[in-house]
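# Geometric and topological summary
Chain residues, written in single-letter form:
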Amino acid sequence: MATEPLPLQKTAAAGPEGSVAVAATAAAGPPLIRFDDVVKRYGDHVVLDRLGFSVRRGEHVTLIGPSGSGKTTILRLLMTLERVSDGVIWVDGDPLSHTRAPDGSLRPATERHLREARKKIGMVFQQFNLFPHMRVLQNITEAPVSVLGMDRDEAEARARELLELVGLSGKIDAHPSQLSGGQQQRVAIARALAMRPEILLLDEVTSALDPELVAGVLELLSDIARNTDITMLCVTHEMNFARDVSETVLMFDSGRVIESGSPEKIFSDPEHERTREFLTAVL
Ligand code: ADP
């Protein structure tokens, strides 16, 4: 069966040049992702505190802020690995965190709804999380075949194309333990892309890598950001990467967005003292 082309060509921009996601939702049409007064609690500990922000289709957003401010929790909620305590997450106009009842009201999402919703979203983790007992090829084909029901030949053809894209064609039969951290992370990126996600979540994907491997993985992600339509949310300490790749930076503190704007604005002329302190500590 013929393999569909990789989503490597950008379509027309989804919003006005330079628009800022948090502020410009109304002007930019319906957002792809919207957090609507989202609360996440663990026991008495409020991690996200009536959080609201939105992201346009095709936008690349970097989440920055001190450790413990809730950035990873946001990605885990979007990946449906966690459930909201209150509020609603919307993706493409539909509730992600909830199921719409026949009377139109919103109920906490069923497992079935979450399984369906998850198909639009891919995530790459700090610790790669490859399936250790599977070879590289199967790591990439497993979910398209078992979750999307893709024909195995098609999934394999696509996996080969993706391995070429991430520069690992020669490692198709390797086990994860035979690969460097950088190579494992490239496989994890290929695995996420194999699901043709509309949204790619990147959670400190270079933090576990040896320093000499970081630049190559960041370059690959920059290529993906430049050459695809995929909407990206990225938690990273790599401020140069944030500056190069994202249109919007969201600064978090204690589970809230305290400031948002273009990387130029946030890194050069932040409004908040808390942002200045944070950037002084990490830059
Ligand atoms: P960040 O990514 O900004 O460092 P996280 O989203 O990882 O922050 O964590 C935010 C807060 O939520 C932290 O205080 C963390 O300890 C807490 N937290 C995260 N996951 C859990 C969990 N499963 N159980 C209890 N507390 C958690």
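Computed from a prediction, not measured in an experiment: that's the story for all the values here.

### Observations regarding the overall build of the protein
Helix and strand counts for the protein stand at nine helices and twelve strands. Counting the 283 residues in the protein, one finds 49% classified as buried.

### A look at the confidence of the model for the protein
In low-pLDDT regions, the fine details of the predicted coordinates are not to be read closely. For the protein, the average pLDDT comes to 90, and 90% of its residues sit at 70 or higher. Between residues 1-5, whose pLDDT stays under 50, and residues either more than four places distant or in other chains, the model counts twelve contacts. This model gives residues 9-27 a pLDDT under 50, and the stretch forms 31 contacts once residues within four places in sequence are excluded.

### Considering helix H3 (residues 136-146)
Within the sequence span of H3, burial applies to Val136, Leu137, Asn139, Ile140, Thr141, Pro144 and Val145. Contact partners of the buried residues in H3: helix H4 (152-165) and helix H5 (181-194).

### What to know about the nonpolar core
In terms of nonpolar packing, the biggest core is built from 37 residues, with Val124, Ile140, Ile189, Leu200, Leu202 and Leu221 touching the most fellow members. At the level of elements, H3, H4, H5, strand E9 (199-203), helix H6 (211-227), strand E10 (231-235) and helix H7 (239-245) are the ones that each hand at least two residues to this core. Apart from residues no more than four positions distant in its own chain, Val124 is found in contact with Gln185, Ala188, Ile189, Ala192, Leu200, Leu201, Leu202, Asp203 and Val205. One finds Val91, Leu96, Ile121 and Val235 within the second-largest nonpolar core, a separate group that totals 29 residues.

### Quick word on helix H9 (residues 273-282)
Among all positions of H9, only Thr275, Phe278 and Leu279 are buried. The buried side chains of H9 occupy one side of the element, clustering within an arc of 95° when seen end-on. For H9, the exposed residues set more than 90 degrees away from the buried face come down to Thr280 and Ala281. The elements touched by buried residues of H9 are strand E3 (60-64), H7, strand E11 (248-253), strand E12 (256-261) and helix H8 (263-268).

### A look at the side chain of Thr141
Within the element layout of this structure, Thr141 appears in helix H3. For Thr141, a relative accessible area of 1% corresponds to the buried category. For Thr141, the contacting residues outside a window of four places in its chain are Arg152, Ala155, Glu156 and Ala159.

### So, the pairing of E3
Here E3 lies mainly inside the structure; five of its five residues are buried. Where E3 lies against E10, four bridges are found, and the strand directions are parallel. Note that in E10 the partner of Val61 across the bridge is Leu233. Pairing of E3 with E11 involves four bridges; the strand directions are parallel.

### So, the packing of aromatic side chains
For the coordinates displayed, the defined rule picks out two aromatic pairs. Ring centres 4.6 Å apart and planes at 20° place the aromatic pair Phe35 and Phe53 in the stacked group. Residue Phe35 is located in strand E1 (residues 33-42), and its partner Phe53 is located in strand E2 (residues 45-55); the two are separated by 18 residues in the primary sequence. Take Phe53: its relative accessible area is 3%, and that puts it in the buried class. Here the aromatic rings of Phe53 and Phe252 are separated by 6.3 Å at their centres, their planes lie at 85°, and the arrangement is edge-to-face. Pair noted here: Phe53 is in strand E2 and Phe252 is in strand E11, with a separation of 199 residues, a long-range link. The rings of Phe35, Phe53 and Phe252 are connected pair by pair, giving a single aromatic cluster. The ring of Phe131 has Arg191 lying over it, and the distance from NZ or CZ to the ring centre is 5.0 Å.

### Points about unusual backbone geometry
A positive phi angle, near 55°, is found at Asp37, a position not held by glycine. Here Asp37 shows up in strand E1.

### Quick look at the sheet that holds E12
Taking strand neighbours across the sheet as the criterion, the six strands line up as E8-E9-E10-E3-E11-E12 in an open arrangement whose pairing is mixed. Each of the sheet's edge strands pairs with one partner strand only, and the pair in question is strand E8 (121-124) and E12. Geometrically, the sheet is characterised by an average inter-axis angle of 20° between neighbouring strands, direction not taken into account. Sheet topology note: the E8/E9 ladder contains four bridges and is parallel. What sits directly across from Met123, in E9, is Leu201. Helix H1 (residues 71-78) rests against E3, E8, E9, E10 and E11 of the sheet, and its axis sits at about 145° to E9.

### What about the sheet that holds strand E5 (residues 94-95)?
The strand order across the open sheet built from four strands is E2-E1-E4-E5, with neighbouring strands paired in antiparallel fashion. The outermost strands of the open sheet, each flanked by one partner alone, are E2 and E5. For E1 and strand E4 (residues 86-91), the ladder comprises five bridges, and the chain directions are antiparallel. Counted as the bridge partner of Ile33 is Val91 from E4. Contacts from H1 reach E1, E2 and E4, with the element oriented near 115° to E1.

How each quantity is defined
Residues numbered from 1 in each chain as written. Predicted model: local features only at pLDDT ≥ 70, side-chain atom pairs only at ≥ 80, totals over all residues. Heavy atoms only, no water. Helix = DSSP H or I, 4+ residues; strand = E, 2+ residues; numbered from the N terminus. Buried < 20%, exposed > 50% of the residue type's maximum accessible area, 1.4 Å probe, protein only. pLDDT = per-residue confidence, 0-100. Contact = heavy atoms within 4.5 Å. Core = buried A, V, L, I, M, F, W, Y, C linked by side-chain atoms within 4.5 Å. Arc of directions from axis to C-beta. Pairing = 2+ DSSP bridges. Phe/Tyr/Trp six-rings, centres within 6.5 Å; stacked < 30°, edge-to-face > 60°. Lys NZ or Arg CZ within 6 Å of the ring centre and 35° of its normal. Axes fitted to C-alpha atoms, helices over the stretch in contact; angles between N-to-C directions.

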